[in-house]
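A look at the structure
Each chain, letter by letter, is given below.
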Amino acid sequence: MTSPAATTYRIAVIPGDGIGPEVIAAGRRVLDAVGERFGFAVEWREIVVGGRAIDTYGVPIRDEDLAICAGSDAVYLGAIGGPKWDDPNAAVRPEQALFALRGGLELFANLRPVTVEPALAPSSPLRPALLRGVDMLIVRELTSGLYFGRPSEERRTPEGRVGVDTLWYTEAEIRRVVRVAFELARGRRGRLTSVDKANVLATSRLWRKVVEEMRPDFPTVIVEHRLVDAAAMLLIQHPAAFDVIVTENLFGDILSDEASVLAGSLGMLPSASIGERRTAHGIFGLYEPIHGSAPDIAGQDRANPIGTILSGAMLLRWSLGRPEAAAAVEAAVRAALRAGWRTLDLVPSDGGAEGVSVVGTEAFTGAVIERLPDPVPAGAAR
Ligand code: IPM
Ligand code: MG
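Just so you know, these numbers come straight off a predicted model, no measurement behind them.

Some thoughts on the overall build of the protein
The helix and strand tally for the protein stands at twelve helices and 14 strands. Its C-alpha atoms give the protein a radius of gyration of 21 Å, within 12% of the compact-globule value 21 Å for 382 residues. Each of the three principal axes of the protein carries a C-alpha extent, and together these read 70 × 50 × 45 Å. Counting all 382 residues of the protein, 52% fall into the buried class. Per element, the accessible surface of the protein, about 16,600 Å² overall, is 53% carbon and sulfur.

Looking at the side chain of K197
Tracing the backbone through its elements, the reader meets K197 in the loop between β8 (191–196) and α7 (202–214). Of note is the side chain of K197, whose polar atom sits 3.1 Å from the side chain of D229.

Notes on the domain arrangement of the protein
Accessible area lost upon the coming together of the parts serves often as the stated size of an interface. Domain boundaries in the protein define domain 1 (1–115 + 264–382) and domain 2 (125–262). Between the C-alpha centres of domain 1 and domain 2 there is a distance of 24 Å. With 20 residues of domain 1 at the contact, the number on the domain 2 side is 24 residues. For the pair domain 1 and domain 2, the two sides together bury roughly 1,900 Å², of which 64% comes from carbon and sulfur. For the domain 1 face of the interface with domain 2, the top three residues by lost area are F108, R112 and V114, together amounting to 36%. Our count for the domain 1 to domain 2 interface comes out at zero salt bridges. Where domain 1 meets domain 2, there are eight residue pairs in polar contact (both at pLDDT 80 or more). Listed by contribution, the elements that provide at least two residues to the side of domain 1 that touches domain 2 are α4 (95–104), β4 (109–115) and β11 (270–278). Residue composition of the side of domain 1 that touches domain 2, grouped by class: eleven nonpolar, six polar and three charged.

Here we look at the layout of surface pockets
Remark: the empty space left among the atoms is shown by a probe the size of a water molecule rolled over them. Of the volumes computed, that of the largest pocket is approximately 760 Å³. If you trace the largest pocket, you find 27 residues lining it, with E95, L98, F99, R102 and Y147 closest to the centre. Per-element tally for the lining of the largest pocket: the top contributor is α4, with five residues. The class makeup of the residues in the lining of the largest pocket is twelve nonpolar, five polar and ten charged. The residues that make up the lining of the largest pocket include at least three from each of domain 1 (1–115 + 264–382) and domain 2 (125–262). Empty space within the second largest pocket amounts to approximately 600 Å³. Lining the second largest pocket are 27 residues, with P113, T115, P270, L310 and E330 sitting closest to its centre. Of all the secondary structure elements, the ones that give two or more residues to the lining of the second largest pocket are β4, β5 (135–141), α10 (306–318) and α11 (323–338). Broken down by class, the residue content of the lining of the second largest pocket amounts to 19 nonpolar, one polar and seven charged.

Regarding the site of ligand 1
By nearness alone, every residue bordering ligand 1 is listed as E95, L98, F99, R102, R112, R140, Y147 and D253. Note that an oxygen atom of ligand 1 is positioned 3.0 Å from one of the side-chain N or O atoms of R112. With respect to ligand 1, the side chain of D253 contributes an N or O atom lying 2.9 Å from an oxygen atom. More than half of the atoms of ligand 1 fall within 2 Å of the grid points belonging to the largest pocket. Along the lines of polarity and charge, the residues of the shell around ligand 1 split into three nonpolar, no polar and five charged.

Quick notes on the pairing of β8
Across the six residues that make up β8, a large majority, five, are buried. Here β8 runs beside strand β9 (residues 222–227); their pairing, made up of six bridges, is parallel. For V195, the partnering residue across the bridge sits in β9 and is R226. As for the winding sense of the linkage, the β-α-β connection from β8 through α7 to β9 is right-handed. For β8 and strand β10 (residues 244–247), the ladder comprises four bridges, and the chain directions are parallel. Residue L192 lies in a different strand from β10, and its bridge partner there is V244.

Some remarks on the pattern of salt bridges
Evaluated as defined, the whole model comprises 21 salt bridges. Across the pair E43 and R45 runs a salt bridge whose closest N-O atoms are separated by 3.1 Å. Classification of R45 by relative accessible area gives partly exposed; the value is 23%. Taking the shortest distance from any N to any O, the salt bridge between E288 and R102 comes out at 3.6 Å. Highlighted residues: E288 in strand β12 (residues 283–289) and R102 in helix α4, separated in sequence by 186 residues. Judged by relative accessible area, which is 6%, E288 ranks as buried. Each of the salt bridges in this network shares a partner with another, and the network as a whole consists of D135, R188, R189 and D243.

Cut-offs used in this document
Residues numbered from 1 in each chain as written. Chains lettered and ligands numbered in written order. Predicted model: local features only at pLDDT ≥ 70, side-chain atom pairs only at ≥ 80, totals over all residues. Heavy atoms only, no water. Helix = DSSP H or I, 4+ residues; strand = E, 2+ residues; numbered from the N terminus. Rg over C-alpha atoms; globule rule 2.2 N^0.38 Å. Buried < 20%, exposed > 50% of the residue type's maximum accessible area, 1.4 Å probe, protein only. Areas by Shrake-Rupley, 256 points an atom, 1.4 Å probe, with all protein chains shown as cover. Polar contact = N/O pair within 3.5 Å; in protein donor to acceptor, adjacent residues only side chain to side chain. Domains from an automatic or database assignment. Contact = heavy atoms within 4.5 Å. Buried area = accessible area lost by both parts, 1.4 Å probe. Salt bridge = Lys/Arg side-chain N within 4 Å of Asp/Glu carboxyl O. Nonpolar A, V, L, I, M, F, W, Y, C, P; charged D, E, K, R; others polar. 1 Å grid on protein atoms, 1.4 Å probe; cavity = no way out; pocket = protein on both sides within 12 Å on 5 of 7 lines; lining within 4 Å. Points joined across faces, edges and corners; volume = space filled by probe spheres on them. Near = heavy atom within 4 Å. Sits in = over half its atoms within 2 Å of the grid points. Pairing = 2+ DSSP bridges. Right-handed = clockwise from strand over helix to strand, strands pointing away.

This is the structure we're talking about:
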(Lines give C-alpha, C1' and ligand atoms only; values in the text may rest on other atoms or scores of the structure.)
(Ligands and ions follow the chains in the order given, each with its own letter.)
Protein backbone atom coordinates (compact mmCIF):
# COMPACT_ATOMS: atom_id res chain seq x y z
CA MET A 1 0.00 0.00 0.00
CA THR A 2 1.50 3.34 -1.06
CA SER A 3 0.68 6.36 1.07
CA PRO A 4 0.72 9.79 -0.64
CA ALA A 5 3.96 10.67 1.13
CA ALA A 6 5.75 7.51 -0.06
CA THR A 7 9.02 7.95 -1.88
CA THR A 8 8.96 7.61 -5.64
CA TYR A 9 12.22 6.55 -7.25
CA ARG A 10 13.00 7.28 -10.89
CA ILE A 11 14.49 4.36 -12.76
CA ALA A 12 15.49 4.47 -16.41
CA VAL A 13 14.61 1.10 -17.90
CA ILE A 14 16.09 -0.44 -21.03
CA PRO A 15 14.35 -3.70 -22.02
CA GLY A 16 16.65 -4.03 -25.05
CA ASP A 17 16.69 -6.98 -27.45
CA GLY A 18 16.04 -10.74 -27.48
CA ILE A 19 14.90 -11.97 -24.06
CA GLY A 20 15.66 -8.50 -22.59
CA PRO A 21 12.01 -7.33 -22.61
CA GLU A 22 10.81 -10.55 -20.94
CA VAL A 23 13.33 -10.55 -18.11
CA ILE A 24 12.88 -6.82 -17.55
CA ALA A 25 9.10 -7.24 -17.36
CA ALA A 26 9.74 -9.84 -14.65
CA GLY A 27 12.15 -7.57 -12.77
CA ARG A 28 9.72 -4.64 -12.92
CA ARG A 29 6.89 -6.76 -11.53
CA VAL A 30 9.08 -7.79 -8.59
CA LEU A 31 10.29 -4.25 -7.86
CA ASP A 32 6.75 -2.84 -8.06
CA ALA A 33 5.52 -5.60 -5.75
CA VAL A 34 8.30 -5.12 -3.21
CA GLY A 35 7.64 -1.35 -3.33
CA GLU A 36 4.01 -2.01 -2.32
CA ARG A 37 5.23 -4.07 0.61
CA PHE A 38 7.83 -1.55 1.77
CA GLY A 39 5.98 1.69 0.99
CA PHE A 40 7.71 3.11 -2.06
CA ALA A 41 6.92 3.43 -5.74
CA VAL A 42 8.94 3.43 -8.94
CA GLU A 43 8.49 5.81 -11.84
CA TRP A 44 9.71 3.77 -14.81
CA ARG A 45 11.27 5.75 -17.64
CA GLU A 46 11.41 3.30 -20.49
CA ILE A 47 13.79 4.03 -23.35
CA VAL A 48 14.72 2.27 -26.58
CA VAL A 49 18.42 1.37 -26.70
CA GLY A 50 20.49 -1.26 -28.56
CA GLY A 51 19.44 -3.15 -31.67
CA ARG A 52 15.91 -1.76 -31.51
CA ALA A 53 17.33 1.75 -31.36
CA ILE A 54 19.41 1.08 -34.48
CA ASP A 55 16.20 0.01 -36.24
CA THR A 56 14.18 2.95 -34.88
CA TYR A 57 16.67 5.83 -34.80
CA GLY A 58 19.71 4.60 -36.73
CA VAL A 59 21.94 4.79 -33.64
CA PRO A 60 22.41 2.34 -30.72
CA ILE A 61 21.69 5.07 -28.15
CA ARG A 62 20.60 8.70 -28.50
CA ASP A 63 22.11 11.53 -26.43
CA GLU A 64 18.69 12.34 -24.95
CA ASP A 65 18.30 8.75 -23.75
CA LEU A 66 21.74 8.81 -22.16
CA ALA A 67 20.61 12.02 -20.43
CA ILE A 68 17.46 10.29 -19.12
CA CYS A 69 19.71 7.60 -17.61
CA ALA A 70 22.05 10.18 -16.07
CA GLY A 71 19.06 12.03 -14.57
CA SER A 72 17.54 8.95 -12.91
CA ASP A 73 18.29 7.25 -9.58
CA ALA A 74 19.43 4.10 -11.40
CA VAL A 75 19.33 2.30 -14.73
CA TYR A 76 17.80 -1.19 -15.15
CA LEU A 77 18.82 -3.05 -18.28
CA GLY A 78 17.74 -6.39 -19.80
CA ALA A 79 20.05 -7.35 -22.65
CA ILE A 80 21.32 -5.84 -25.86
CA GLY A 81 22.26 -7.28 -29.28
CA GLY A 82 21.35 -10.14 -31.60
CA PRO A 83 22.17 -11.83 -34.91
CA LYS A 84 20.20 -9.23 -36.86
CA TRP A 85 22.87 -6.61 -36.04
CA ASP A 86 25.93 -8.90 -36.05
CA ASP A 87 27.35 -8.03 -39.48
CA PRO A 88 31.08 -7.44 -38.81
CA ASN A 89 31.08 -4.72 -41.48
CA ALA A 90 28.22 -2.75 -39.92
CA ALA A 91 29.08 0.84 -38.96
CA VAL A 92 26.88 0.72 -35.86
CA ARG A 93 26.51 -2.17 -33.42
CA PRO A 94 24.09 -2.56 -30.47
CA GLU A 95 26.94 -3.20 -28.02
CA GLN A 96 28.17 0.35 -28.61
CA ALA A 97 25.21 1.44 -26.48
CA LEU A 98 26.57 -0.59 -23.55
CA PHE A 99 29.94 1.10 -23.85
CA ALA A 100 28.30 4.54 -24.18
CA LEU A 101 26.36 3.86 -20.97
CA ARG A 102 29.30 2.41 -19.04
CA GLY A 103 31.81 5.02 -20.22
CA GLY A 104 29.41 7.97 -20.46
CA LEU A 105 28.04 7.43 -16.96
CA GLU A 106 31.54 6.64 -15.58
CA LEU A 107 30.47 3.27 -14.19
CA PHE A 108 33.96 1.89 -13.78
CA ALA A 109 33.34 -0.89 -11.26
CA ASN A 110 31.23 -3.87 -12.27
CA LEU A 111 30.24 -6.07 -9.33
CA ARG A 112 29.31 -9.66 -10.12
CA PRO A 113 28.47 -11.75 -7.03
CA VAL A 114 28.54 -15.53 -7.45
CA THR A 115 26.85 -17.71 -4.86
CA VAL A 116 25.45 -21.20 -5.07
CA GLU A 117 21.94 -21.94 -3.86
CA PRO A 118 22.28 -25.48 -2.40
CA ALA A 119 18.97 -26.50 -4.03
CA LEU A 120 20.62 -25.84 -7.40
CA ALA A 121 23.77 -27.88 -6.88
CA PRO A 122 22.37 -30.62 -9.21
CA SER A 123 22.02 -27.97 -11.95
CA SER A 124 25.78 -27.45 -12.07
CA PRO A 125 27.97 -29.92 -13.95
CA LEU A 126 30.44 -29.72 -11.04
CA ARG A 127 30.44 -32.05 -8.06
CA PRO A 128 28.28 -30.72 -5.18
CA ALA A 129 31.21 -30.99 -2.73
CA LEU A 130 33.16 -28.48 -4.81
CA LEU A 131 30.32 -25.97 -4.64
CA ARG A 132 29.93 -25.93 -0.88
CA GLY A 133 30.63 -22.51 0.56
CA VAL A 134 31.05 -20.70 -2.75
CA ASP A 135 30.51 -16.99 -2.12
CA MET A 136 32.63 -14.73 -4.29
CA LEU A 137 32.39 -11.26 -5.70
CA ILE A 138 34.06 -10.46 -8.99
CA VAL A 139 34.94 -6.79 -9.37
CA ARG A 140 35.54 -6.15 -13.05
CA GLU A 141 37.03 -2.89 -14.33
CA LEU A 142 34.46 -1.67 -16.86
CA THR A 143 35.49 1.54 -18.62
CA SER A 144 39.03 0.99 -19.86
CA GLY A 145 41.33 -1.74 -21.14
CA LEU A 146 40.85 -3.36 -24.52
CA TYR A 147 37.20 -2.36 -24.67
CA PHE A 148 38.00 1.34 -24.75
CA GLY A 149 41.63 1.61 -25.94
CA ARG A 150 42.22 3.41 -29.24
CA PRO A 151 43.21 2.69 -31.95
CA SER A 152 40.82 -0.21 -32.44
CA GLU A 153 40.44 -0.87 -36.13
CA GLU A 154 41.17 -2.98 -39.17
CA ARG A 155 43.90 -1.69 -41.50
CA ARG A 156 44.93 -2.59 -45.01
CA THR A 157 48.67 -2.89 -45.27
CA PRO A 158 51.10 -4.28 -47.87
CA GLU A 159 51.25 -7.44 -45.69
CA GLY A 160 47.46 -7.82 -45.86
CA ARG A 161 44.75 -6.82 -43.40
CA VAL A 162 45.80 -6.08 -39.82
CA GLY A 163 43.49 -5.91 -36.81
CA VAL A 164 44.59 -3.58 -34.03
CA ASP A 165 43.26 -3.18 -30.49
CA THR A 166 44.88 -1.20 -27.73
CA LEU A 167 45.32 -2.35 -24.14
CA TRP A 168 45.74 0.73 -22.02
CA TYR A 169 45.37 1.48 -18.31
CA THR A 170 46.24 4.63 -16.40
CA GLU A 171 47.19 4.25 -12.76
CA ALA A 172 44.17 6.35 -11.76
CA GLU A 173 41.86 3.93 -13.60
CA ILE A 174 43.44 1.00 -11.79
CA ARG A 175 43.44 2.67 -8.39
CA ARG A 176 39.76 3.63 -8.34
CA VAL A 177 38.48 0.15 -9.14
CA VAL A 178 41.01 -1.58 -6.85
CA ARG A 179 39.87 0.73 -4.05
CA VAL A 180 36.26 -0.40 -4.49
CA ALA A 181 37.46 -4.02 -4.33
CA PHE A 182 39.57 -3.45 -1.19
CA GLU A 183 36.64 -1.75 0.55
CA LEU A 184 34.28 -4.57 -0.34
CA ALA A 185 36.80 -7.22 0.76
CA ARG A 186 37.23 -5.43 4.10
CA GLY A 187 33.46 -5.75 4.68
CA ARG A 188 33.40 -9.44 3.70
CA ARG A 189 35.86 -12.22 4.52
CA GLY A 190 38.89 -9.97 4.05
CA ARG A 191 40.52 -11.73 1.09
CA LEU A 192 41.35 -10.00 -2.17
CA THR A 193 42.62 -11.84 -5.25
CA SER A 194 43.99 -9.54 -7.93
CA VAL A 195 44.04 -11.27 -11.32
CA ASP A 196 46.40 -10.20 -14.09
CA LYS A 197 48.90 -11.44 -16.69
CA ALA A 198 51.94 -9.73 -15.22
CA ASN A 199 54.34 -12.25 -16.80
CA VAL A 200 53.39 -10.86 -20.23
CA LEU A 201 51.59 -7.51 -20.10
CA ALA A 202 52.89 -4.08 -19.09
CA THR A 203 49.39 -3.02 -18.04
CA SER A 204 49.29 -6.00 -15.67
CA ARG A 205 52.65 -5.13 -14.12
CA LEU A 206 51.38 -1.61 -13.46
CA TRP A 207 48.16 -3.12 -12.05
CA ARG A 208 50.20 -5.24 -9.61
CA LYS A 209 52.27 -2.26 -8.49
CA VAL A 210 49.18 -0.17 -7.79
CA VAL A 211 47.59 -2.99 -5.77
CA GLU A 212 50.80 -3.30 -3.71
CA GLU A 213 50.93 0.47 -3.13
CA MET A 214 47.37 0.41 -1.78
CA ARG A 215 47.81 -2.62 0.43
CA PRO A 216 48.99 -0.65 3.54
CA ASP A 217 45.72 1.33 3.53
CA PHE A 218 43.79 -1.90 4.11
CA PRO A 219 45.76 -3.79 6.77
CA THR A 220 42.92 -6.23 7.52
CA VAL A 221 42.71 -7.45 3.93
CA ILE A 222 44.85 -10.39 2.80
CA VAL A 223 45.98 -9.80 -0.79
CA GLU A 224 47.11 -12.37 -3.33
CA HIS A 225 48.07 -11.97 -7.00
CA ARG A 226 47.17 -14.62 -9.52
CA LEU A 227 47.85 -14.97 -13.20
CA VAL A 228 44.63 -15.15 -15.16
CA ASP A 229 45.27 -18.60 -16.64
CA ALA A 230 45.88 -20.10 -13.20
CA ALA A 231 42.91 -18.20 -11.78
CA ALA A 232 40.66 -19.67 -14.48
CA MET A 233 41.70 -23.14 -13.38
CA LEU A 234 41.33 -22.48 -9.64
CA LEU A 235 37.88 -21.03 -10.15
CA ILE A 236 36.66 -24.51 -11.04
CA GLN A 237 39.10 -26.53 -8.94
CA HIS A 238 38.61 -24.72 -5.63
CA PRO A 239 35.95 -22.01 -6.04
CA ALA A 240 35.18 -21.67 -2.32
CA ALA A 241 38.69 -20.28 -1.77
CA PHE A 242 37.80 -16.98 -3.44
CA ASP A 243 36.28 -13.99 -1.67
CA VAL A 244 36.74 -10.80 -3.73
CA ILE A 245 38.41 -10.96 -7.15
CA VAL A 246 39.49 -7.74 -8.85
CA THR A 247 40.60 -7.70 -12.44
CA GLU A 248 40.75 -5.77 -15.70
CA ASN A 249 37.89 -5.51 -18.17
CA LEU A 250 38.40 -8.47 -20.54
CA PHE A 251 39.65 -10.91 -17.89
CA GLY A 252 36.60 -10.02 -15.76
CA ASP A 253 34.28 -10.62 -18.69
CA ILE A 254 35.68 -14.08 -19.29
CA LEU A 255 36.07 -15.19 -15.67
CA SER A 256 32.54 -14.14 -14.75
CA ASP A 257 30.97 -16.30 -17.46
CA GLU A 258 33.14 -19.16 -16.25
CA ALA A 259 32.04 -18.56 -12.65
CA SER A 260 28.37 -18.67 -13.65
CA VAL A 261 28.74 -22.42 -14.21
CA LEU A 262 29.09 -22.70 -10.44
CA ALA A 263 25.70 -21.08 -9.92
CA GLY A 264 24.01 -23.56 -12.24
CA SER A 265 23.25 -21.27 -15.17
CA LEU A 266 24.36 -18.03 -16.77
CA GLY A 267 20.80 -16.91 -16.16
CA MET A 268 21.37 -16.77 -12.39
CA LEU A 269 23.92 -14.00 -12.12
CA PRO A 270 23.15 -10.34 -11.46
CA SER A 271 25.47 -7.37 -11.77
CA ALA A 272 25.82 -3.79 -10.62
CA SER A 273 27.94 -1.20 -12.38
CA ILE A 274 28.82 1.73 -10.20
CA GLY A 275 31.06 4.76 -10.17
CA GLU A 276 31.59 7.54 -7.66
CA ARG A 277 28.48 9.66 -8.17
CA ARG A 278 25.79 9.65 -5.49
CA THR A 279 22.13 10.56 -5.75
CA ALA A 280 19.79 11.60 -2.92
CA HIS A 281 19.23 7.90 -2.17
CA GLY A 282 22.51 6.09 -2.78
CA ILE A 283 25.18 5.39 -5.35
CA PHE A 284 24.13 5.91 -8.96
CA GLY A 285 24.40 2.66 -10.91
CA LEU A 286 23.33 0.44 -13.76
CA TYR A 287 21.94 -3.03 -13.04
CA GLU A 288 21.74 -5.89 -15.50
CA PRO A 289 21.95 -9.67 -15.60
CA ILE A 290 25.31 -10.88 -16.91
CA HIS A 291 23.70 -13.02 -19.64
CA GLY A 292 23.09 -11.81 -23.17
CA SER A 293 19.98 -11.44 -25.31
CA ALA A 294 19.61 -15.22 -26.05
CA PRO A 295 17.78 -14.66 -29.36
CA ASP A 296 17.22 -18.42 -29.78
CA ILE A 297 14.70 -18.47 -26.93
CA ALA A 298 13.34 -14.91 -27.19
CA GLY A 299 9.59 -14.42 -27.06
CA GLN A 300 8.91 -17.94 -25.78
CA ASP A 301 8.48 -17.31 -22.04
CA ARG A 302 11.50 -19.55 -21.44
CA ALA A 303 14.11 -17.11 -20.12
CA ASN A 304 15.39 -17.40 -16.57
CA PRO A 305 14.51 -14.06 -14.90
CA ILE A 306 16.59 -14.66 -11.74
CA GLY A 307 19.69 -12.71 -12.87
CA THR A 308 17.48 -9.72 -13.63
CA ILE A 309 15.42 -10.03 -10.44
CA LEU A 310 18.60 -10.27 -8.33
CA SER A 311 20.03 -7.28 -10.23
CA GLY A 312 16.90 -5.47 -9.03
CA ALA A 313 17.83 -6.46 -5.46
CA MET A 314 21.31 -4.98 -5.99
CA LEU A 315 19.64 -1.81 -7.31
CA LEU A 316 17.54 -1.58 -4.14
CA ARG A 317 20.61 -2.04 -1.95
CA TRP A 318 23.14 0.16 -3.74
CA SER A 319 21.16 2.89 -5.45
CA LEU A 320 17.98 3.23 -3.40
CA GLY A 321 19.27 2.58 0.12
CA ARG A 322 16.64 -0.17 0.66
CA PRO A 323 18.60 -3.09 2.11
CA GLU A 324 15.52 -4.71 3.74
CA ALA A 325 13.64 -4.71 0.45
CA ALA A 326 16.72 -6.12 -1.30
CA ALA A 327 17.01 -8.92 1.26
CA ALA A 328 13.28 -9.68 0.88
CA VAL A 329 13.70 -10.12 -2.89
CA GLU A 330 16.73 -12.37 -2.44
CA ALA A 331 14.91 -14.47 0.17
CA ALA A 332 11.87 -14.81 -2.11
CA VAL A 333 14.04 -16.07 -5.00
CA ARG A 334 15.68 -18.62 -2.69
CA ALA A 335 12.31 -19.72 -1.34
CA ALA A 336 10.90 -20.20 -4.86
CA LEU A 337 13.92 -22.36 -5.77
CA ARG A 338 13.66 -24.38 -2.57
CA ALA A 339 9.97 -24.97 -3.30
CA GLY A 340 11.12 -26.61 -6.53
CA TRP A 341 10.30 -23.94 -9.10
CA ARG A 342 12.75 -23.97 -12.05
CA THR A 343 13.12 -22.43 -15.46
CA LEU A 344 14.27 -24.76 -18.23
CA ASP A 345 17.97 -23.76 -18.06
CA LEU A 346 18.11 -25.03 -14.45
CA VAL A 347 16.99 -28.54 -15.25
CA PRO A 348 20.06 -30.83 -15.26
CA SER A 349 20.76 -32.25 -18.71
CA ASP A 350 20.83 -35.79 -17.24
CA GLY A 351 17.27 -35.12 -16.12
CA GLY A 352 18.08 -36.11 -12.53
CA ALA A 353 15.90 -33.66 -10.67
CA GLU A 354 13.00 -34.94 -8.62
CA GLY A 355 10.31 -32.77 -7.13
CA VAL A 356 10.92 -29.81 -9.38
CA SER A 357 8.33 -27.92 -11.41
CA VAL A 358 9.58 -26.47 -14.67
CA VAL A 359 7.77 -23.23 -15.48
CA GLY A 360 8.12 -20.24 -17.78
CA THR A 361 9.47 -16.77 -17.05
CA GLU A 362 6.12 -15.35 -15.98
CA ALA A 363 5.10 -18.20 -13.70
CA PHE A 364 8.51 -18.25 -12.03
CA THR A 365 8.23 -14.52 -11.40
CA GLY A 366 4.80 -15.07 -9.87
CA ALA A 367 6.29 -17.70 -7.57
CA VAL A 368 8.85 -15.15 -6.38
CA ILE A 369 6.27 -12.40 -5.83
CA GLU A 370 4.07 -14.79 -3.80
CA ARG A 371 6.99 -15.28 -1.45
CA LEU A 372 7.61 -11.60 -0.71
CA PRO A 373 6.60 -10.53 2.80
CA ASP A 374 3.05 -9.29 3.36
CA PRO A 375 2.32 -5.64 2.58
CA VAL A 376 2.87 -3.17 5.39
CA PRO A 377 -0.54 -1.91 6.64
CA ALA A 378 -1.24 1.71 5.63
CA GLY A 379 0.25 4.16 8.10
CA ALA A 380 2.70 1.69 9.61
CA ALA A 381 6.37 2.44 9.23
CA ARG A 382 8.90 -0.20 8.35
C1 IPM B 1 28.99 -8.54 -20.52
C2 IPM B 1 28.82 -8.81 -21.99
C3 IPM B 1 29.32 -7.61 -22.79
C4 IPM B 1 30.79 -7.38 -22.43
C5 IPM B 1 29.15 -7.76 -24.31
C6 IPM B 1 27.68 -7.95 -24.68
C7 IPM B 1 29.73 -6.61 -25.07
O8 IPM B 1 29.50 -9.98 -22.35
O9 IPM B 1 28.40 -7.56 -20.01
O10 IPM B 1 29.68 -9.31 -19.86
O11 IPM B 1 31.67 -8.02 -23.02
O12 IPM B 1 31.07 -6.56 -21.57
MG1 MG C 1 30.29 -11.07 -20.75
